[in-house]
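# Descriptive structure summary
Take a look at the letters that make up each chain.
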Amino acid sequence: MTESTIPAPALRRADLSEARLSRRYAAERRFRIYGLSAIVAALGILGLLIGTIVLNGYTAFQQTYVAIPIYLDAQAIDPQGDGDAQTLYSADYQTLVKQSLREMFPEVTGRRDRFKLYGLVSNAAGYDVRDQVMDDPAMIGTTQTLWVRSSDDIDSLIKGAIDRRLPEDDRRVKDDEIRWIETLEAQDGVDLRFNKAFFTSGDSREPEQAGIWGAVVGSAYTLLITLLLSFPIGVLSAVYLEEFAPKNRWTDLIEVNINNLAAVPSIIFGLLGLAVFLGTFGLPRSAPMVGGMVLALMTLPTIIIAGRAALKAVPPSIREAALGVGASPLQVVTHHVLPLALPGIMTGTIIGMAQALGETAPLLMIGMVAFIVDVPGGVTDPATVLPVQIYLWADSPERAFVEKTNGAIMVLLAFLIVMNALAVLLRKRFERQW
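Quick notes on the rules
- Residues numbered from 1 in each chain as written.
- Predicted model: local features only at pLDDT ≥ 70, side-chain atom pairs only at ≥ 80, totals over all residues.
- Heavy atoms only, no water.
- Helix = DSSP H or I, 4+ residues; strand = E, 2+ residues; numbered from the N terminus.
- Rg over C-alpha atoms; globule rule 2.2 N^0.38 Å.
- Buried < 20%, exposed > 50% of the residue type's maximum accessible area, 1.4 Å probe, protein only.
- Areas by Shrake-Rupley, 256 points an atom, 1.4 Å probe, with all protein chains shown as cover.
- Lys, Arg positive; Asp, Glu negative; His and termini not counted.
- Charge placed at Lys NZ, Arg CZ, Asp CG, Glu CD.
- Phe/Tyr/Trp six-rings, centres within 6.5 Å; stacked < 30°, edge-to-face > 60°.
- Core = buried A, V, L, I, M, F, W, Y, C linked by side-chain atoms within 4.5 Å.
- Contact = heavy atoms within 4.5 Å.
- Pairing = 2+ DSSP bridges.
- Axes fitted to C-alpha atoms, helices over the stretch in contact; angles between N-to-C directions.
- Parallel < 35°, antiparallel > 145°, perpendicular 65-115°, else oblique.
- Left-handed = near helix turned anticlockwise from the far one by under 90°.
- Nonpolar A, V, L, I, M, F, W, Y, C, P; charged D, E, K, R; others polar.
- Polar contact = N/O pair within 3.5 Å; in protein donor to acceptor, adjacent residues only side chain to side chain.
- Salt bridge = Lys/Arg side-chain N within 4 Å of Asp/Glu carboxyl O.

### Notes on the overall build of the chain
The number of helices and strands found in the chain is 18 helices and three strands. Radius of gyration (C-alpha) of the chain: 32 Å, far over the 22 Å computed for a compact globule of 434 residues. Taking the principal axes of its C-alpha atoms as reference, the chain extends roughly 105 × 85 × 40 Å. Among the 434 residues that make up the chain, the fraction classed as buried is 40%. Of the accessible surface of the chain, which amounts to about 24,000 Å², a share of 61% is contributed by carbon and sulfur atoms. Positive and negative side-chain charges of the chain, numbering 38 and 45 respectively, have mean locations separated by a distance of 14 Å.

### Points about the packing of aromatic side chains
By convention here, two paired aromatic rings are described through the distance between centres and the angle between planes. With the rule as written, the count across this model stands at seven aromatic pairs. Where phenylalanine 194 meets phenylalanine 199, the ring centres are 5.8 Å apart and the plane angle is 10°; that geometry is what we call stacked. Taking 6.3 Å as the distance between ring centres and 35° as the angle between the ring planes, the aromatic pair formed by phenylalanine 198 and tryptophan 393 counts as tilted. Taken together, the positions of phenylalanine 198 in helix α9 (residues 197-200) and tryptophan 393 in helix α17 (residues 386-394) put the pair 195 residues apart, joining distant regions of the chain. The same class applies to phenylalanine 198 and to tryptophan 393, which are both buried. Each residue in the set Phe61, Phe194, Phe198, Phe199, Trp393 and Phe401 is aromatic and connected to the rest through ring pairs, giving one cluster.

### Details of the nonpolar core
Counting residues in hydrophobic clusters, the biggest one holds 36 residues, and the most contacted among them are Phe198, Ile212, Leu363, Ile366 and Trp393. Secondary structure elements with two or more residues in this core: α10 (213-244), α12 (266-280), α13 (288-313), α15 (329-357), α17 and α18 (400-430). Considering every element that reaches this core, the biggest residue donor is α18, with eight residues. Once residues lying within four places of it in the same chain are set aside, the contact partners of tryptophan 393 are Phe198, Asp203, Ala210, Gly211, Ile212, Phe401, Lys404, Thr405 and Ala408. The next biggest cluster of nonpolar side chains, apart from the first, holds 33 residues, and it includes Tyr93, Leu101, Leu146 and Ile178.

### Observations concerning the environment of lysine 174
On the secondary structure map, lysine 174 appears in the loop between α7 (152-158) and α8 (175-186). Accessibility expressed as a relative area gives 25% for lysine 174, which makes it partly exposed. Sequence separation between lysine 174 and arginine 164 is ten residues, and the spatial gap between their C-alpha atoms is 9.0 Å.

### Here's the deal with the sheet that holds strand β1 (residues 62-71)
Reading across the sheet, the three strands line up as β2-β1-β3 and stay open at both edges, with antiparallel pairing between neighbours. Only two strands of the sheet have a single partner each, and these edge strands are β2 (143-149) and β3 (190-194). Neighbouring strand axes in the sheet, compared pairwise and without regard to direction, differ in orientation by 40° on average. Pairing between β1 and β3: five bridges, direction antiparallel. Each residue of the ladder has a partner; that of threonine 64, found in β3, is leucine 192.

### Focus: the packing of helix α5 (residues 111-118) against α8
Taken N-terminus to C-terminus, the directions of α5 and α8 make an angle of 50°; their axes are 10 Å apart at the nearest point. The angle between α5 and α8 falls in the class oblique. For the element pair α5 and α8, the recorded crossing hand is right-handed. Across the interface between the two elements, Asp113, Lys116 and Leu117 from α5 touch Asp176, Glu177 and Trp180 from α8. Of the residues belonging to the contact of α5 with α8, the class tally is two nonpolar, no polar and four charged.

### Some thoughts on the side chain of threonine 59
Mapping threonine 59 onto the fold places it in the loop between α1 (8-57) and β1. Reaching out from threonine 59, the side chain makes a polar contact with the side chain of glutamate 403 at a distance of 2.7 Å.

### Notes on the pattern of salt bridges
Scanning the model with the defined rule gives 16 salt bridges in all. Put simply, lysine 159 and glutamate 403 hold a salt bridge, and the shortest N to O gap is 2.9 Å. One end of the pair, lysine 159, is in the loop between α7 and α8; the other, glutamate 403, is in helix α18, with 244 residues separating them in the sequence. You'll find lysine 159 and glutamate 403 in the same group, each marked buried. Between aspartate 191 and arginine 193 there is a salt bridge whose closest N-O contact spans 3.3 Å. On the accessibility criterion, aspartate 191 (31% relative accessible area) is partly exposed.

### Some points on the pairing of β1
Extensive coverage of β1 is indicated by the burial of seven of its ten residues. Here β1 runs beside β2; their pairing, made up of seven bridges, is antiparallel. Paired with alanine 67 across the bridge in β2 is tryptophan 147.

### Description of the side chain of aspartate 155
Looking at the secondary structure, you find aspartate 155 in helix α7. For aspartate 155, a relative accessible area of 2% corresponds to the buried category. Aspartate 155 has contacts with Gln62, Gln63, Thr64, Ser150, Leu192 and Glu403, leaving out every residue within four places of it along the chain.

### Quick look at the packing of helix α14 (residues 316-324) against α15
In contact at an axis separation of 10 Å, α14 and α15 are set at 140° when each is read in the N-to-C sense. Taken as axis vectors, α14 and α15 run oblique relative to one another. In the packing of α14 onto α15, the handedness of the crossing is right-handed. Between α14 and α15, the residues in contact are Ile318, Arg319, Ala322 and Leu323 and Pro329, Val332, His336, Val337 and Leu340, respectively. Along the lines of polarity and charge, the residues of the contact of α14 with α15 split into seven nonpolar, one polar and one charged.

Nothing here speaks to function; it is geometry throughout.
In structure tokens, the structure reads:
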């Protein structure tokens, strides 16, 4: 047998090298598995969270309506017979709805039973009748089968949130109410429809009447003030610090403080707004103007940091070429550097605005947690914002507000996804590779 000519120490070194290489490959495979497992776990948890929100919230986009034959008494609606719009608008339609319910179920005579019977429909049922009469005044004096909103308990029953099979003492809807609803169902008098009021109404103590429109308008006004204040100040600050400021310990101190402000908890900005804007300047509480000013302070560091990064990414050759043809330093920045850096600045601004849209803590400190029914008509009117509206509904005891809360979260997530997607599209569309 031929013996190996490779010395034994060399063989041992080769074996050790191969063993080390095998261990390194194994470690790399384990690292890939760990990374993939972490991504799968994160996506699973995110999917579970979003799935739970959707399952609990999609029913907020539907509302139960019941059909009631209502005699639209001309004496109660238009006693003068002149068809005056103000008279028709101010008539007591809710009484007509109650009278029609008594006629539909004449066996209900007790005061307590009648109170439960009236609870089949919402307190806004009269408004539904009023709107239909205002659209077609010719119905006055006739009997019409009109669709009106049900109460929140009946709405939850129809959507399956309340189990009819439970003992009567364990559910909010009692046996008599279920029997009356089943009678209406047998007559095709119960229907689930798109909940338009959820998107067109302000807040309400009654879940079936509550909507997000007031909070959406308040958020729009607040973000408008935030953008008008933070964008120009942030961009000008970034331009000065990056292009014109001398490099000394004072500018270094300013840069460090800007970076630190980006990590300050948002509630600190709320305390600052409470002490300065409300306590010192006496600005109105719960107003989008004050909310926008507070969020502008919070958003400024993000815009400044993103703006400086975008300006720094512009190659020095652009500046040198502009200076070489006789442009002043200001012209170099305004005509060449800033337009090239604008896509990055816009991306940072949109991300900062998306962060401001989802903030709650600083707005709670300046009073935007108040119960606001009316839709704000300006930046100084009392208002709330979408995240605070979610907070208020989540704290409400009524079962029907659970779906309202999750539905509002879905709308807020949709806004945030759109804003972040817009930031990505802007970056992809206008980004340049130098």
